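Chain and residue survey
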Amino acid sequence: MLWALGLWLALFFAPLAAGRFTVYLLGVILVTGLLAMSLNLLVGHGGAYQFHHGAFYGVGAYTAALLITKTSLPAWVGLAAGPLAAAFAGLMIGSLCIRLNKLYFGMIQISLGSLLWILALRWYDLTNGDDGIHGIPLPEALSGSGSAFTFLLAVVGVCLLAMHRILESPFGTTLRAIRDNPQRCAAVGIHVRRHQLTAIVIATFFAGVAGVLFVVLEGSVFPDMLFWVLSLEIFIMCLLGGWFTFLGPMLGAAIIVLLRTVVGGFTEYWTLILGVVLILLIFFLPEGIMGAGHRLRLYRRRAAGPPSRGGDRAAG
Amino acid sequence: MLQVDGLCKAFGDFQAVNGAWLTVRQGDLVAVIGPNGAGKTTLFNLITGHLQADRGSIRFREQEISRLPAHEICRRGIARSFQIANIFPRLSVFENVQVAVLSAKGLSRHLLHPTRRLVREETEGILERVGLQDRRLDLAGSLSHGDKRILEIAIALGNEPELLILDEPTAGMSPEETAATLALIRRLAREQGLTILFCEHDMEVVFNVATSIMVMQHGSTLVQGPPLQVRADPAVQEAYLGRD
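Residues numbered from 1 in each chain as written. Chains lettered and ligands numbered in written order. Predicted model: local features only at pLDDT ≥ 70, side-chain atom pairs only at ≥ 80, totals over all residues.

Tallying secondary structure elements over chain B gives nine helices and ten strands in all. Scaling as 2.2 N^0.38, a compact globule of 244 residues should have a C-alpha radius of gyration of about 18 Å, and chain B matches this with 18 Å. For chain B, the spread of C-alpha atoms along the principal axes amounts to about 60 × 40 × 30 Å. The buried share among the 244 residues of chain B stands at 48%. Taking all contacts inside chain B whose residues are at least 6 apart in sequence as the whole, residues at least 24 apart take part in 65%. (Helix = DSSP H or I, 4+ residues; strand = E, 2+ residues; numbered from the N terminus. Rg over C-alpha atoms; globule rule 2.2 N^0.38 Å. Buried ≥ 20, exposed ≤ 12 C-beta atoms within 10 Å, placed from the backbone. Contact = placed C-beta atoms within 7 Å.)

Here we come to the overall build of chain A. Summing up its helical and strand segments, chain A has 15 helices and zero strands in all. Against the compact-globule benchmark of 20 Å for 316 residues, chain A has a radius of gyration of 20 Å, which places it among compact chains. Among the 316 residues that make up chain A, the fraction classed as buried is 47%. A separation threshold of at least 6 residues defines the contact pool for chain A, and within that pool the share at least 24 residues apart is 77%.

Residues and elements named next belong to chain B. Looking at chain direction, strand β1 (residues 2-11) and strand β2 (residues 14-24) are connected through eight bridges and run antiparallel. Looking at the pairing, F11 lines up with F14 of β2. Between β1 and β2, which pair antiparallel in sequence order, lie two residues; one of them, G12, sits at a positive phi of approximately 60 degrees. (Pairing = 2+ DSSP bridges.)

Turning to the domain arrangement of chain B, a few remarks are in order. A common measure of how large an interface is: the accessible area buried when the components associate. All names here are of chain B. Looking at chain B, the domain boundaries give domain 1 (1-77 + 161-244) and domain 2 (87-157). Placing a centre on the C-alpha atoms of domain 1 and another on those of domain 2 gives a separation of 26 Å. Listed by partner, the interface residues are ten residues for domain 1 and seven residues for domain 2. Counting residues per element, the ones that place at least two in the side of domain 1 that touches domain 2 are β7 (163-167) and α6 (175-191). A breakdown of the residues in the side of domain 1 that touches domain 2 according to their chemical character gives six nonpolar, three polar and one charged. (Domains from an automatic or database assignment. Nonpolar A, V, L, I, M, F, W, Y, C, P; charged D, E, K, R; others polar.)

Moving on to the interface of chain A and chain B. Tallying the contact residues gives 27 residues for chain A and 39 residues for chain B. Of all the elements in the fold, those that place two or more residues in the side of chain A that touches chain B are α8 (145-168), α9 (170-180) and α10 (182-187) of chain A. Top element by residues in the side of chain A that touches chain B is α9(A). It accounts for seven residues. For the side of chain A that touches chain B, a count of residues per class yields ten nonpolar, ten polar and seven charged.

Now for the sheet that holds strand β4 (residues 55-60) of chain B. Residue and element names in this part refer to chain B. Here four strands make up an open sheet; going across it, the order is β2-β1-β4-β5 and the pairing antiparallel. What marks the edges here is a single partner per strand, and that holds for β2 and β5 (63-64). Against the sheet, helix α1 (residues 40-47) contacts β1, β2 and β4, and its axis sits at roughly 65 degrees relative to β2. (Axes fitted to C-alpha atoms, helices over the stretch in contact; angles between N-to-C directions.)

All names here are of chain B. Even without being glycine, E62 reaches a positive phi, approximately 70 degrees. Along the polypeptide, E62 turns up in the loop between β4 and β5. Not every positive phi belongs to a glycine, and H218 is a case in point at roughly 45 degrees.

All names here are of chain A. Remark: helix α4 (residues 54-70) packs on helix α6 (residues 102-122), axes separated minimally by 9 Å, with the N-to-C direction vectors making an angle of 35 degrees. For the pair α4 and α6, the crossing hand works out as left-handed. Here A55, G58, V59 and Y62 of α4 lie close against α6, whose contacting residues are G113, L116, W117 and A120. Per-class residue counts for the contact of α4 with α6 are six nonpolar, two polar and no charged. (Left-handed = near helix turned anticlockwise from the far one by under 90°.)

Moving on, we come to the nonpolar core. Counting 166 residues, the largest nonpolar core has A:L34, A:A61, A:F206, A:A210 and B:A154 as its most contacted members. In terms of residue count, helix α11 (residues 192-218) of chain A provides more of this core than any other element does, 14 residues in total. Looking at which domains feed residues into this core, each of domain 1 (1-77 + 161-244) and domain 2 (87-157) of chain B supplies at least three. Not counting residues up to four positions away in its chain, the partners in contact with A:L34 are A:V156, A:C159, A:F206, A:V209, A:A210 and A:L213. (Core = buried A, V, L, I, M, F, W, Y, C linked by C-beta atoms within 7 Å.)

Residue and element names in this part refer to chain B. Listing the buried residues of helix α4 (residues 120-130) in full gives T123, I126, L127 and V130. Buried residues in α4, looked at end-on, bunch into an arc of 100 degrees, giving them a common side. Residues of α4 that are exposed and angled more than 90 degrees away from the buried face: E121 and E128. Next to the buried residues of α4 lie α3 (93-104), α5 (145-158) and α6. (Arc of directions from axis to C-beta.)

So, about the sheet that holds strand β10 (residues 220-225) of chain B. Residue and element names in this part refer to chain B. With mixed pairing, six strands are arranged side by side in an open sheet as β6-β7-β8-β3-β9-β10. Here the strands that pair on one side only, and so sit at the sheet edges, are β6 (78-81) and β10. In this sheet, adjacent strand axes meet at a mean angle of 15 degrees when their direction is disregarded. Sheet topology places β7 next to strand β8 (residues 195-199); five bridges connect them, and they run parallel. Considered in β8, the bridge of L163 is made with T195. Here α5 sits on the sheet and contacts β6 and β7; the angle it forms with β6, its principal contact strand, is near 170 degrees.

Here we take up the environment of A:P139. Residue and element names in this part refer to chain A. Position of P139 relative to the elements: it lies in the loop between α7 (124-127) and α8. Sequence separation between P139 and V216 is 77 residues; the distance between their C-alpha atoms is 9.5 Å. In this view, P139 contacts A75 and W76; residues no more than four positions away in its chain are not counted.

Attention shifts here to α11(A). Residues and elements named next belong to chain A. Given a rise of 1.5 Å per residue, 27 residues ought to cover 39 Å, and the 39 Å separating the end C-alpha atoms of α11 matches this to within 8%. α11 sits mainly inside the fold: 19 of its 27 residues count as buried. Where α11 ends, the next residue or the one after it, G219, has phi of about 70 degrees, a positive value. (Expected span 1.5 Å × (residues − 1).)

What follows is the structure, given as structure tokens:
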């Protein structure tokens, strides 16, 4: 974890050392990565098929955007309200989905999330429809691109720290146990559904934070943020980076955002490349890049050290 | 301690449990025997709330528990192991037991304390008692079949139960593993004062270990009593043990 902390600190100097576009791209990676990591709380650590996580990202972003542009409340209030609204939406949609299992859970969530997408797309008077909302005025302290990036980096850091603590807490250990074997969890006295619902509220809160950070980064919101394709993309980021690891989804986000930027410059069919990447992934790295690295380290340690110390924690 | 009366459960047309009764007193080591399909596992699933009974009553410590969900029954003091190795394969052996201990102490939902500093001693104690302390850091999924079954029992112990229910604890074990597991069960009953209810195929095992035996056939209870009485019972000999 030390290298991650070092990288995080080093990134604070990015606005001084790198060009505007690079800093912007880093910002996109951080926001998307935070979103993917919040999804991974449920997918990799909780074993829940959260298929439409992007909807809560959109709820967070739209709440901030609407409160800032349509009310006279200070902009900070709008930014703070985003995650809370996302968590509330998570609680509502989660309580409806949680009674269903696995795939059904995912399917009903896609339908309910798509309702929110339709609201953003069609409620023209409120949301400007598919034009989105642009030029959202931000607080003075966040208006420069350098200071916006610093704020973004700081918030992402705090969120990652909080998520890490949650995953290392009894709540997180129990969540992983539910992922492995919900029936056994019920037999040791764990209220499985309530535990999962709490996890959904926590994960959607962080998705809302990512949504608010998107507003800080772009100054706009679009209905596409709630479209199911984005949810699929962040799902792939989790799988690609390593869904049983902590930082894997951030790595997955970095790879996909860079791929989209670089390959997308040459061809509009960049999703074709993404498809190929996904197929290779399923065949060769079923636990993602960091998952494979983790396995390799385990294997080496087992070959070198005494055999009884082979195992390690699932979340690394 | 546990009193089951007139319990029935049907799956479609098949009457899996049909008027079963059972008495478990404090400190007993009760075995349920019966041929395959006699309804032993269904009976256990009904007691622990993994299935809901159609009719009949299950009373634990004078309270009706037949309508409660599994996690609630567990909190009343009944823990169980399963016939198939039912563990958390991606967690370490230590964490497998720790999850149960945390749940028993009502700590499962704590968000900000690091897990690794909590309930260490209790968890270590249980692992030592069952003899898995050397494997504590291994991933549970990498254990041998026999060790997985032992871990099963260790998870159940993590709940600090008053009544421990073991569903065929020695199924699929080698003769050595079976002997070790039986020794463990006896030791738990004697040293911890645990009340244990288990079912088992192996006749030798049952008559050696149990203080009371309940015989099931076609979903009903044939008889329950001490081993010698059950062995002498003509109906049991007819139905199950076979005439000499």
